[in-house]
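Topology and contacts: notes
Residue strings, one per chain:
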Amino acid sequence: MTLSNNNKSETFSYKHEYGTYFVAANVCNATGQNFTRGIEAFLKSLYSDPRFLALLQ
């Protein structure tokens, strides 16, 4: 994600890994279960990043 204010721009990324499966139903289930966890983890890492806090200044 790229965020910017009037003075500067910063790009943030996060990689959330989870198991792989060979059965389609298991893949869909795992993706659904991990999507929310991945978003929560990304936001937690974003909010604790000093570059994000600097953008708020």
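Our structure is the block above this text.
So, a few notes on the structure that sits alongside this text. Once a new chain begins, its residue numbering starts again from 1 and follows that chain's sequence as written. At least 70 in pLDDT is required for a residue's local features to be given in this predicted model, at least 80 for side-chain atom pairs to be given and counted, and no such filter applies to totals for whole chains, interfaces and linings, which use all residues. The side-chain values count all of the structure's non-hydrogen atoms but skip hydrogen atoms and water molecules.

A few words on the overall build of the chain. On a plain count of helices and strands, the chain comes out with two helices and two strands. Counting from the N terminus, the helices are DSSP H or I runs at least four residues long and the strands are E runs at least two residues long. Going from the N terminus to the C terminus, the chain shows its helices and strands as β-β-α-α. Radius of gyration (C-alpha) of the chain: 15 Å, far over the 10 Å computed for a compact globule of 57 residues. Projecting the C-alpha coordinates of the chain onto the three principal axes gives extents of approximately 50 × 15 × 10 Å. When accessible area is computed with a 1.4 Å probe and restricted to protein chains, residues below 20% of their type maximum are described as buried, those above 50% as exposed, and intermediate ones as partly exposed. Going through the 57 residues of the chain one by one, you find that 19% of them count as buried. A contact between two residues is defined here by any heavy atoms of the two lying within 4.5 Å. Counting only contacts in the chain whose residues sit at least 6 apart along the sequence, the fraction spanning at least 24 positions is 56%. Both charge centroids of the chain, one from 5 positive and one from 4 negative side chains, sit 1 Å from each other. Between the two quantities, the radius of gyration covers C-alpha atoms and the globule rule is 2.2 Å times the number of residues to the power 0.38. Charged residues are defined narrowly, with Lys and Arg counted positive, Asp and Glu counted negative, and His plus the chain ends left uncounted. Positions of charges follow a simple convention, taking NZ of Lys, CZ of Arg, CG of Asp or CD of Glu.

Before going further, it helps to spend a moment on the nonpolar core. To qualify as a nonpolar core, a set must consist of buried Ala, Val, Leu, Ile, Met, Phe, Trp, Tyr and Cys residues joined through side-chain atoms within 4.5 Å. Residues Phe12, Phe42, Leu46, Phe52 and Leu55 constitute the largest nonpolar core, which totals five residues. Once you skip the residues sitting within four places of it in the chain, Phe52 turns out to touch Leu3, Phe12, Leu46 and Tyr47.

For the rest of this paragraph, the subject is the side chain of Glu10. Locating Glu10 in the fold gives a position in strand β2 (residues 9–11). Its relative accessible area of 18% is what places Glu10 among the buried residues. For Glu10, the side chain forms a polar contact with the side chain of Arg51, separated by 3.2 Å. Setting aside residues no more than four positions away along its own chain, Glu10 makes contact with Met1, Thr2, Leu3, Arg51 and Leu55. We define a polar contact as two N or O atoms separated by no more than 3.5 Å, with the added condition that, inside protein, one atom must be a possible hydrogen donor and the other a possible acceptor, whereas residues neighbouring each other in sequence contribute only through side-chain atom pairs.

With that out of the way, let us pick up helix α1 (residues 24–47). The span one expects for a helix is its residue count, reduced by one, times 1.5 Å. Spanning 24 residues, α1 covers 34 Å between terminal C-alpha atoms, matching the ideal 34 Å at 1.5 Å per step. We define the bend at each residue as the angle formed by axes fitted to the 7 residues ending at it and the 7 residues starting at it. The axis of α1 is deflected most strongly, by about 35°, at Asn34. Listing the buried residues of α1 in full gives Ala30, Asn34, Gly38, Ala41, Phe42 and Leu46. Residues of α1 that are buried make contact with β1 (2–4) and α2 (50–55).

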